[in-house]
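# Chain and residue survey
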Amino acid sequence: MINFEYYTPTKIAFGRGVESRTGELARAFGAHKALIHYGGKSALASGLIGRIKASLDAAGVAHVELGGVVPNPHLGKVREGIELAKREGVDFLIAVGGGSVIDSAKAIGYGAAEPDHDVWELYDDAGTRRPAKCLPIGAVLTIAAAGSEMSNSSVITDEKTGLKRSCKSDLSRPRFAVMDPELTVTLPDFQTQSGCADILMHTMERWFNASGTLELTDAIAAGLMKTVMKNARILRDHPDCYEARAEVMWASSLSHNGLTGCGSDGGDWAVHKIEHELGGMFDVTHGAGLAAVWGSWARYVLPECPKRFAEFAVQVMGVAPAESDEATARAGIEAVEAYYRSVGMPTNLRELGVTPTEQQIVRMAESAASVGGGRIGVVRKLDANDIAAIYRAAL
Ligand code: NZQ
Ligand code: ZN
């Protein structure tokens, strides 16, 4: 086990009806005037935004609102939010939605807290600047997926260039997250399953690391991944099952708040970087994009660490050990792909609905590599040629 820091400052209110506590929580964390931030239509159509406003009114927190955040959230909307927050003297952000809305709120928080700087400097490849401040954020979660409600990360797309980039800082971790599993019942099955794929991947990315086997962290990770797959399958047939909704919602937070990587080097994360290029160029749904490329990545890097893949196959996918680690590992990869197929997730780019040209593959590969200064991943360090080979294998 290597040295680590574990920091999860987010207060969680979990369960049926907890969204009515949003105003009280915002007030307790110092809000006087909040910006309510939300997406396209789901939170308005369900009446949730109205209930959040009523809750803020009851707690004496003034508010303004900004909707229209799209999946793979845009820099343009972030800039609009920064201007609104400055103009209105906003001192707190309430993100009502999923990863896209919470990430957009985090970016607005950075931009409004340091108004003399361009917020994109925090996200660009050059790492021009690190954030020094962020407005406080509270999240009302409506989809179990990205884990942004407890994470230090925000992922924004510059819609003019197609670059999707992240900024990581503890300053942006939400002060509180309100998590009512019932709010997720209205999700289309594809979004539920894409969310579960993302939750699974946040722990899988950490499992495949260069620092080796861990007893407790691996046991927590395996338990989380098995729970997600089991309940994702239940939700395929019973989308209104509260218990299954609750299990995956809690898993979304624990999968990306650092818990499943404690004591390791933090994990590989190449699959996320490879997927973010697809999100930036083709606007695909994040979790489905991860499912589509994971198998190709896994087969490409497997020769570097067959033992770790074999441990994953046995402990997570329930594969019986075969004659060699490599054979066990390959059976584990096939089991993951069979799981994805069983819940309607793609296992290649064609099934994802995108067919990049060779030129686009090279562009995405170079862009993904540049995020890591030329190479990404830890179990096998991948340069642009490696990444292009993975995209081609996933076609
Ligand atoms: O805009 P609305 O109408 O709300 O529709 C949304 C959106 O179309 C819909 N939706 C959300 N809650 C709903 C609902 N529809 C019906 N009922 C509900 N209760 O779902 C769609 C997807 O929403 P989105 O917020 O995009 O989903 P998700 O939470 O998967 O977030 C994806 C974004 O998060 C980033 C991804 O890259 C992507 O941009 N990530 C953020 C991370 C982080 N900040 O730590 C880590 C992740 O790895 C990821 O990269
Ligand atoms: Zn993710």
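Keep in mind that this is a model prediction, so the values were computed, not measured. (Residues numbered from 1 in each chain as written. Chains lettered and ligands numbered in written order. Predicted model: local features only at pLDDT ≥ 70, side-chain atom pairs only at ≥ 80, totals over all residues. Heavy atoms only, no water.)

Turning next to the coordination of the zinc ion (ligand 2). Coordination sphere of the zinc ion (ligand 2), protein contribution only: Asp198 (OD), His202 (NE2), His272 (NE2) and His286 (NE2), at 2.0 to 2.2 Å. Mapped onto the polypeptide sequence, the residues donating to the zinc ion (ligand 2) form the spacing pattern D-x3-H-x69-H-x13-H. You can see His202 sitting in helix H6 (residues 189-207) and its partner His286 sitting in helix H10 (residues 286-301), a full 84 residues away along the chain. The same class applies to His202 and to His286, which are both buried. (Donors = N, O, S within 2.8 Å, 3.2 Å for Na, K, Ca; no water. Helix = DSSP H or I, 4+ residues; strand = E, 2+ residues; numbered from the N terminus. Buried < 20%, exposed > 50% of the residue type's maximum accessible area, 1.4 Å probe, protein only.)

Time to look at the environment of Ile12. Position of Ile12 among the secondary structure elements: in strand S1 (residues 11-14). Sequence separation between Ile12 and His32 is 20 residues; the distance between their C-alpha atoms is 21 Å. Apart from the residues lying within four places of it in its own chain, the contact partners of Ile12 are Met150, Ala177, Met179 and Trp250. (Contact = heavy atoms within 4.5 Å.)

A word on the pairing of strand S2 (residues 33-38). Of all six residues in S2, five are buried, a share of seventy percent or more. In terms of strand pairing, S2 meets strand S3 (residues 62-66) through five bridges, oriented parallel. Directly across from Ile36, in S3, lies its bridge partner Glu65. Pairing geometry for S2 and strand S4 (residues 92-97), over five bridges, is parallel. When the bridges of S4 are listed, Ala34 appears paired with Phe92. (Pairing = 2+ DSSP bridges.)

Inspection of the secondary structure assignment puts Asp158 in strand S6 (residues 153-158). One buried charged side chain, Asp158, makes no salt bridge at all; its nearest oppositely charged neighbour is Lys160, positioned 6.0 Å away. Once residues within four sequence positions are removed from consideration, Asp158 is found in contact with Leu75, Trp120 and Leu163. (Lys, Arg positive; Asp, Glu negative; His and termini not counted. Salt bridge = Lys/Arg side-chain N within 4 Å of Asp/Glu carboxyl O.)

Another aspect to go through is the sheet that holds S4. The strand order S1-S8-S5-S4-S2-S3 describes an open sheet built from six strands, whose pairing is parallel. Looking at which strands have only one partner, the edges of the open sheet turn out to be S1 and S3. Between one strand and the next, the sheet's axes are offset by a mean angle of 20 degrees, whatever the strand orientation. Running over the sheet, helix H4 (residues 75-88) touches S2 and S3 and is turned about 155 degrees from S3. (Axes fitted to C-alpha atoms, helices over the stretch in contact; angles between N-to-C directions.)

What follows concerns helix H14 (residues 358-371). If you check H14, its first and last C-alpha atoms are 20 Å apart, about what 14 residues at 1.5 Å a residue would give, namely 20 Å. Burial in H14 covers these residues: Ile361, Met364, Ala365, Ser367, Ala368 and Ala369. On its buried face, H14 sits against strand S7 (163-168), helix H9 (270-282) and helix H15 (384-393). At the C-terminal side of H14, Gly373 shows a positive phi close to 70 degrees. (Expected span 1.5 Å × (residues − 1).)

A word on the pattern of salt bridges. Should the charged atoms of two oppositely charged side chains come close, the side chains can pair. According to the stated counting rule, one finds 20 salt bridges in the structure shown. A salt bridge links Arg173 to Asp170, with the nearest nitrogen and oxygen atoms 2.8 Å apart.

It is common to give the size of an interface as the accessible area lost on bringing the parts into contact. With domains assigned, the protein chain is organised as domain 1 (11-183) and domain 2 (188-393). One C-alpha centre belongs to domain 1, the other to domain 2, and the line joining them spans 26 Å. Contacts between domain 1 and domain 2 engage 27 residues on the former and 27 residues on the latter. Where domain 1 abuts domain 2, roughly 2,100 Å² becomes buried across the two surfaces, and 59% of that area is made up of carbon and sulfur atoms. Counting the surface domain 1 buries against domain 2, the share from its top three residues, Ala144, Lys164 and Pro181, is 24%. Across the domain 1-domain 2 interface, the total number found is one salt bridge. In this structure, Arg165 and Glu277 form a salt bridge, with 3.0 Å as the shortest nitrogen-oxygen distance. Counting across the interface, domain 1 meets domain 2 through seven residue pairs in polar contact (both at pLDDT 80 or more). (Domains from an automatic or database assignment. Buried area = accessible area lost by both parts, 1.4 Å probe. Polar contact = N/O pair within 3.5 Å; in protein donor to acceptor, adjacent residues only side chain to side chain.)

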